[in-house]
Amino acid sequence: MDVRVVDHPLAKSRLSTMRDARTNSAAFRAALQELTLMLIYEATRDAELAEEPIHTPVAKTTGYRIAKPPLLVPVLRAGLGMADQAHRLIPEAQMGFVGLARDEETLQPTPYLESLPADLTGIPVLVLDPMLATGGSMVHTIELLVERGATDVTAICTLAAPEGVRRLEEAGLPVNVVTASIDDRLNESGFIVPGLGDAGDREYGAV
Ligand SMILES: O=P(O)(O)OC[C@H]1O[C@H](OP(=O)(O)OP(=O)(O)O)[C@H](O)[C@@H]1O
Ligand SMILES: O=c1cc[nH]c(=O)[nH]1
Ligand SMILES: [Mg+2]
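The name given to the chain in an unreviewed UniProt entry is Uracil phosphoribosyltransferase, with the source organism recorded as Saccharopolyspora karakumensis. A UniProt comment under Catalytic activity (unreviewed entry) is attached to the chain, and it reads "UMP + diphosphate = 5-phospho-alpha-D-ribose 1-diphosphate + uracil". UniProt, in its Sequence similarities (unreviewed entry) section for the chain, records the words "Belongs to the UPRTase family."

A description of the site of ligand 2 should follow, citing residues and the corresponding values.
Looking at ligand 2, the residues that line it are Arg102, Met131, Ala133, Gly190, Phe191, Ile192, Gly197, Asp198 and Ala199. Here an oxygen atom of ligand 2 and a backbone polar atom of isoleucine 192 are 2.8 Å apart. A distance of 2.8 Å is found between an oxygen atom of ligand 2 and a backbone nitrogen or oxygen belonging to alanine 199. Taking 240 Å² as the accessible area of ligand 2 by itself, protein coverage stands at 89%. Mapping ligand 2 onto the cavity grids shows that it belongs to the largest pocket. A per-class count over the shell around ligand 2 returns 5 nonpolar, 2 polar and 2 charged.

Go over the environment of leucine 145 with me, naming the residues and quoting the values.
Within the fold, leucine 145 resides in helix 4 (residues 136-147). Residues leucine 145 and aspartate 198, 53 residues apart in the sequence, show an inter-C-alpha distance of 25 Å. For leucine 145, the residues in contact, after removing those within four places along its chain, are Val73, Leu116, Leu120, Val125, Val127, Ala150 and Val153.

Any details on the UniProt feature "domain: Phosphoribosyltransferase" (unreviewed entry) in the chain? Residues and values, ideally.
Within this structure's numbering, the places UniProt gives as "domain: Phosphoribosyltransferase" (unreviewed entry) are residues 5-205. Overall, residues 5-205 shows 34% helix and 31% strand. The separation of its end C-alpha atoms is 28 Å.

Can you explain the site of ligand 1? Please cite residues and give values.
Within the structure, ligand 1 sits among 16 residues, and Arg77, Arg102, Asp129, Thr134 and Ser137 are positioned closest to it. Aspartate 129 has a polar side-chain atom sitting 2.5 Å from an oxygen atom of ligand 1. Isolated, ligand 1 exposes 500 Å² of accessible area, and the fraction of that covered by the protein chains is 92%. Cavity membership is defined here by more than half of the atoms lying within 2 Å of grid points; on that basis ligand 1 lies in the largest pocket. Take the shell around ligand 1: its biggest share by element is 3 residues, from strand 6 (residues 97-102).

Please give an account of the pattern of salt bridges that cites residues and values.
If charged atoms from side chains of opposite charge come close, those side chains can pair. All told, the structure shown has 10 salt bridges when counted by the stated rule. In this structure, aspartate 20 engages arginine 22 in a salt bridge whose closest nitrogen and oxygen atoms are separated by 2.7 Å. Judged by relative accessible area, aspartate 20 falls into the partly exposed class, the value being 25%. Since its relative accessible area comes to 73%, arginine 22 is described here as exposed. Each member of the salt-bridge network shares a partner with another, and the members are Arg4, Glu42, Arg45 and Asp46.

Describe the coordination of the magnesium ion (ligand 3), naming the residues involved and giving the relevant values.
Within the protein, Asp198 (OD) and Asp198 (OD) serve as the donor atoms for the magnesium ion (ligand 3), at 2.4 to 2.7 Å. Here aspartate 198 lies in the loop between strand 13 (192-193) and helix 6 (199-204).

Which residues make up the pairing of strand 7 (residues 109-115), and what values go with them?
Relative to strand 7, strand 6 runs antiparallel, the two sharing 6 bridges. The partner of arginine 102 across the bridge, within strand 7, is proline 109. The hairpin turn running from strand 6 into strand 7, its antiparallel successor, is 6 residues long, and leucine 107 in that turn takes a positive phi close to 65°.

Rules used in this analysis
- Residues numbered from 1 in each chain as written.
- Chains lettered and ligands numbered in written order.
- Predicted model: local features only at pLDDT ≥ 70, side-chain atom pairs only at ≥ 80, totals over all residues.
- Heavy atoms only, no water.
- UniProt positions renumbered as here; feature names shortened; annotations may be inferred.
- Near = heavy atom within 4 Å.
- Polar contact = N/O pair within 3.5 Å; in protein donor to acceptor, adjacent residues only side chain to side chain.
- Areas by Shrake-Rupley, 256 points an atom, 1.4 Å probe, with all protein chains shown as cover.
- 1 Å grid on protein atoms, 1.4 Å probe; cavity = no way out; pocket = protein on both sides within 12 Å on 5 of 7 lines; lining within 4 Å.
- Sits in = over half its atoms within 2 Å of the grid points.
- Nonpolar A, V, L, I, M, F, W, Y, C, P; charged D, E, K, R; others polar.
- Helix = DSSP H or I, 4+ residues; strand = E, 2+ residues; numbered from the N terminus.
- Contact = heavy atoms within 4.5 Å.
- Salt bridge = Lys/Arg side-chain N within 4 Å of Asp/Glu carboxyl O.
- Buried < 20%, exposed > 50% of the residue type's maximum accessible area, 1.4 Å probe, protein only.
- Donors = N, O, S within 2.8 Å, 3.2 Å for Na, K, Ca; no water.
- Pairing = 2+ DSSP bridges.

Here you go:
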């Protein structure tokens, strides 16, 4: 499993805005959108290209397009804040949706929505979720994708805990991770430390 940490100064500054408890919801969503752009940019660095001849106003040359547009899968709620920006960068992408809520006691994900294409054979998938904590939600999501034939999955997470990265590695799933930070640890309530709190609540309000 490849784990890429995007520690560009602009990524660090947006992540700091998200971490800061004084940041309101609107500013949090704006920083998440900007950081998503940087993470998707890095995640697609090695995407396969198809060539096609094009004419500029001056000469004939070779043009390029993404050979296999990915499926984008935001994990609701928090991943929804990454969806539009990812789609803006890859407008030819399809989008599927997974809805999960982590039980605050057991820390197990409770599924409430699954809207995915039936056959993902040969289609790269980018899963969008700001937080990789215990890894339970991400493992559940990737298992849904693998059941449908996906073999090339990238988890795009603004923040990851070492415990979540380890869980993904041990699950042996076909996934790579792109994140802006691997933080110190999880606390006794399963929150990432130093983290940014509950990403969904900070984007949309507490439920
Ligand atoms: O790695 P895990 O331990 O599974 O935790 C990570 C999950 O927790 C958060 O969602 P949450 O369950 O809070 O739902 P929400 O997005 O609706 O707030 C987050 O967006 C991930 O989906
Ligand atoms: O720190 C955490 C852990 C899980 N989910 C969040 O939103 N934040
Ligand atoms: Mg939440």
